[in-house]
Amino acid sequence: MNGLRAELLIVVAAVAALTIVGVMTGQVSTILLIGSFVYLGWHIMQIARLRERMRTGRLHAPYPPGVWRDIYELIGQSQTGERKARKALSRFNARFREAATVFPDALAVVSRSHKLRWCNPSAEKILFGQNFEEIGNQTLQTLLPDALLDQYLTDGRFDQPVVLSPPHDRRRVISIRIMPFGKRKHQLLVVGSDITRVHHLDAARRDFIANVSHELRTPLTVIAGYLDPLTEHLQGDAEWSNSLQLMEQQAQRMGQMIDDLTLLSHLETAEKPLREQRLDIA
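In this text, all values refer to a predicted model and were calculated from it rather than measured experimentally. (Residues numbered from 1 in each chain as written. Predicted model: local features only at pLDDT ≥ 70, side-chain atom pairs only at ≥ 80, totals over all residues. Heavy atoms only, no water.)

**Some details on helix α4 (residues 121-128)**
So, point 1. Most of α4 is tucked away: six of the eight residues are buried.
So, point 2. Taken as a whole, α4 has its buried residues at Ser122, Ala123, Glu124, Ile126, Leu127 and Phe128.
So, point 3. Check the buried side of α4 and you find it contacts β1 (106-111), β2 (116-119), α5 (132-135), α6 (140-143), β4 (174-181) and β5 (187-194). (Buried < 20%, exposed > 50% of the residue type's maximum accessible area, 1.4 Å probe, protein only. Helix = DSSP H or I, 4+ residues; strand = E, 2+ residues; numbered from the N terminus. Contact = heavy atoms within 4.5 Å.)

Structure below.
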């Protein structure tokens, strides 16, 4: 506002001086017209100077007088704010990249068209087996050719992870989760975790349950087979009747446990589909 007030004072003083000169020379209109052209030319010159100074860099003092001082100061404040914001963003970006570098899981940023934009060193090692400089801007389907991943990206439902083995190391088992991110969610964040050890342990556990169930069922069948004729043969013997009944109950109980283990193994391997059943809770 100080610059605007100074500008008004300059205009008033200039008009007054030009009017006096015009009255003295008898050419008031001509003098005022010349003064107007000079004033307009000065402003055009300031616009050209401002354009040139903004093109070459920062605006430095001294600033021109009048309303142009306010304009230069406002632009300077805006430039200072932008520089601070850029520095803060640069520091945040550096911290993010530093954290992503030491992050044990694979992190990659891909566009909506599934082109790779950035990845951390863990992703280079776990997911792609190549440096980012060699694979940048390639699609995720090209880098990880897998039918499950193709369907996963086509469906666009990322509520569950997809499990696959990367082409550069088929011994690895990777769990990949994808989530949209960004202000308008125009990018996708890919998070890959190496679950090879957990996957093999889980497979070994399932195999162990299946094998134990099978191995226990054989002797239990033999025991139950001998209990039936013994129960019939010693039905009237009070001394053996109770013992045989307890043995039969425990055999049935163990058989039910084996059935439960087998069912659990089938459910975990998706060999037996789930079915809905209506229950009377009351």
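**Topic: the sheet that holds β5**
So, point 1. Here five strands make up an open sheet; going across it, the order is β2-β1-β5-β4-β3 and the pairing antiparallel. Both outer strands of the open sheet, β2 and β3 (162-164), are each paired with one neighbouring strand and no more. Geometrically, the sheet is characterised by an average inter-axis angle of 25° between neighbouring strands, direction not taken into account.
So, point 2. Pairing of β4 with β5 involves eight bridges; the strand directions are antiparallel. Its bridge partner being in β5, Met179 is matched across the sheet by Leu189.
So, point 3. In the packing of helix α7 (residues 147-155) onto the sheet, the strands contacted are β3 and β4, and the crossing angle to β3 comes to about 160°. (Pairing = 2+ DSSP bridges. Axes fitted to C-alpha atoms, helices over the stretch in contact; angles between N-to-C directions.)

**Details of the environment of Val15**
So, point 1. Residue placement: Val15 occurs in helix α1 (residues 2-25).
So, point 2. For the pair Val15 and Ser175, spaced 160 residues apart in sequence, the C-alpha separation works out to 79 Å.

**A word on the side chain of Ser175**
So, point 1. Tracing the backbone through its elements, the reader meets Ser175 in strand β4.
So, point 2. The residues contacting Ser175, other than those within four sequence positions of it, are Pro161, Val162, Val163, Val191, Gly192, Ser193 and Ile195.

**Some remarks on the pairing of β2**
Across a regular strand the side chains alternate sides, sitting on one face of the sheet and then on the other.
So, point 1. The pairing of β1 with β2 spans three bridges and is classified as antiparallel. For Val109, the partnering residue across the bridge sits in β2 and is Trp118.
So, point 2. Hairpin connection of β1 to β2: four residues between the antiparallel strands, including His114 at a positive phi of 70°.

**Looking at unusual backbone geometry**
So, point 1. Its identity as a non-glycine residue notwithstanding, His114 has a phi of 70°, on the positive side.
So, point 2. Within the element layout of this structure, His114 appears in the loop between β1 and β2.
So, point 3. A relative accessible area of 14% places His114 in the buried class.
So, point 4. We note that Asn137 has phi near 75°; this positive angle belongs to a residue other than glycine.

**Here's the deal with helix α3 (residues 67-102)**
So, point 1. Helix length check: α3, at 36 residues, gives a terminal C-alpha distance of 53 Å against a target of 52 Å (1.5 Å per residue), a fit within 8%.
So, point 2. Considered for burial, the residues of α3 that qualify are Trp68, Asp70, Tyr72, Ile75, Gly76, Gln79 and Ala100. (Expected span 1.5 Å × (residues − 1).)

**Let's talk about the pattern of salt bridges**
So, point 1. This model, assessed by the stated rule, comprises six salt bridges.
So, point 2. Residue Asp169 is joined to Arg171 by a salt bridge in which the shortest nitrogen-to-oxygen separation is 3.2 Å.
So, point 3. Note on Asp169: relative accessible area 16%, which makes it buried.
So, point 4. For Arg171, a relative accessible area of 68% gives the class exposed.
So, point 5. Arg217 is the salt-bridge partner of Asp259, the closest N and O atoms lying 3.1 Å from each other. Taken together, the positions of Asp259 in helix α9 (residues 238-268) and Arg217 in helix α8 (residues 196-233) put the pair 42 residues apart, joining distant regions of the chain.
So, point 6. Judged by its relative accessible area of 36%, Asp259 is partly exposed.
So, point 7. Accessibility expressed as a relative area gives 34% for Arg217, which makes it partly exposed. (Salt bridge = Lys/Arg side-chain N within 4 Å of Asp/Glu carboxyl O.)

**Side note on the environment of Ala210**
So, point 1. Position of Ala210 among the secondary structure elements: in helix α8.
So, point 2. Along the backbone, Ala210 and Leu263 are 53 residues apart, and their C-alpha atoms lie at a distance of 9.6 Å.

**Things to note about the nonpolar core**
So, point 1. Within the largest apolar cluster, 24 residues are counted, with the highest numbers of intra-cluster contacts made by Leu127, Phe128, Leu140, Ile176 and Ile178.
So, point 2. Looking at this core, the elements that each hand over two or more residues are β1, β2, α4, α6, α7, β3, β4 and β5.
So, point 3. Here this core takes four residues from α4, the largest share from any one element.
So, point 4. Setting aside anything within four residues of it in sequence, one finds Leu127 in contact with Ala106, Ser122, Leu144, Pro166, His168, Ile174, Ile176 and Val190. (Core = buried A, V, L, I, M, F, W, Y, C linked by side-chain atoms within 4.5 Å.)

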